[in-house]
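Per-entry structural report
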Amino acid sequence: MADPHGVEPVARRRFLTRISLALGAGAAALAAIPAVAYVIGPAMKRDVELWRDVGPVEKFEVGSTVQVIIDSPAATDWAGVSERMGAWLRRVNATDFVAFSINCTHLGCPVRWMATANLFMCPCHGGVFYADGRVAAGPPEQPLAHHAVRVSAGRVEVSTRPIPIIS
């Protein structure tokens, strides 16, 4: 049965159904964009590696372990102190250095170098690491992560490439 204007009710109903389905599909597609980006984003992300100068070679004594502060590779202009990250730097001999992550491999708590005991200790859960980063005691199962270190033009540089904290 046609209405007084000559439009079929069935055609109007079909049109409104199709419009509703199209709008629903569009809304679902818009809602799916963040989920898809979350899934495929890490695969497309490149790790940024920057070398940060931590001082002249002469500043570090052979056999000593000191904390150095470096800027994160993902730092932004407005980040302030939150862009800073730490590392434990040891001068092994006249030419070689090693840098350990400041974070425990158990839950990421900051470890401290205890020079008198020649150990790294995590105050949160009792993790203990030998001077070479291997696990000595406590809940951590993995050794301390390493940062790459190089000497360039008489200056010590530490890599800021992201390293795993918790394995």
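Look up: the structure comes first, before these words.
A brief report on the enclosed structure follows. (Residues numbered from 1 in each chain as written. Predicted model: local features only at pLDDT ≥ 70, side-chain atom pairs only at ≥ 80, totals over all residues. Heavy atoms only, no water.)

Let us look at the pattern of salt bridges. Tallying each qualifying case throughout the model produces three salt bridges. Of the charged contacts, one joins D53 and R155 as a salt bridge, the two residues approaching to 2.7 Å between their closest N and O atoms. Taken together, the residues D53 in strand β1 (residues 51-56) and R155 in strand β11 (residues 155-159) connect sequence positions 102 residues apart. In this structure R155 comes out as partly exposed when scored by relative accessible area, which is 33%. (Salt bridge = Lys/Arg side-chain N within 4 Å of Asp/Glu carboxyl O. Helix = DSSP H or I, 4+ residues; strand = E, 2+ residues; numbered from the N terminus. Buried < 20%, exposed > 50% of the residue type's maximum accessible area, 1.4 Å probe, protein only.)

With that settled, the discussion passes to the packing of aromatic side chains. Per the counting criterion, the structure on display carries four aromatic pairs. With a centroid separation of 6.2 Å and 55 degrees between ring planes, the pair formed by W88 and F120 is classed as tilted. Of this pair, W88 sits in strand β3 (residues 84-91) while F120 sits in strand β6 (residues 119-121); the two residues are 32 residues apart in sequence, bridging distant segments of the chain. For F120, a relative accessible area of 0% gives the class buried. Consider the rings of F100 and F120, whose centres lie 5.3 Å apart with planes at 65 degrees: the pair is edge-to-face. (Phe/Tyr/Trp six-rings, centres within 6.5 Å; stacked < 30°, edge-to-face > 60°.)

Turning to the sheet that holds β11, a few remarks are in order. If you walk across this open sheet you meet the three strands as β1-β11-β10, and the pairing is antiparallel. In this open sheet, the two edge strands, each paired with only one partner strand, are β1 and β10 (149-152). In this sheet, neighbouring strand axes are inclined to one another by 30 degrees on average, regardless of whether the strands run parallel or antiparallel. Where β10 and β11 come together, four bridges link them in antiparallel fashion. Within β11, the position partnered with V149 by the bridge is V158. (Pairing = 2+ DSSP bridges. Axes fitted to C-alpha atoms, helices over the stretch in contact; angles between N-to-C directions.)

With that out of the way, let us pick up the side chain of R91. If you trace the backbone, R91 turns up in strand β3. One buried charge, R91, has no salt-bridge partner; the nearest side chain with opposite charge is E58, at 6.9 Å. Reaching out from R91, the side chain makes a polar contact with the backbone oxygen of A94 at a distance of 2.8 Å. Excluding residues within four positions of it along the chain, R91 makes contact with V57, E58, F60, E61, V62, G63, S64, D96 and F97. (Lys, Arg positive; Asp, Glu negative; His and termini not counted. Polar contact = N/O pair within 3.5 Å; in protein donor to acceptor, adjacent residues only side chain to side chain. Contact = heavy atoms within 4.5 Å.)

Turning next to a nonpolar patch on the surface. On the surface, V36, Y38, V39, I40 and M44 cluster together into a nonpolar patch covering about 600 Å² of accessible area. With respect to the element layout, V39 can be found in helix α1 (residues 9-44). Residue classification places V39 among the exposed residues on the basis of a relative accessible area of 62%. (Patch = residues over 30% accessible without salt bridge, like charges linked within 9 Å, V, L, I, M, F, W, Y side chains within 5 Å. Areas by Shrake-Rupley, 256 points an atom, 1.4 Å probe, with all protein chains shown as cover.)

Here the focus is the sheet that holds β3. What the four strands build is an open sheet, ordered β2-β3-β4-β9; its pairing is antiparallel. Single-partner strands in this sheet number two, and they are β2 (65-71) and β9 (146-147). Bridge count for strand β4 (residues 97-101) against β9 is two bridges, and the pairing is antiparallel. Bridge pairing links F100 to H146 in β9.

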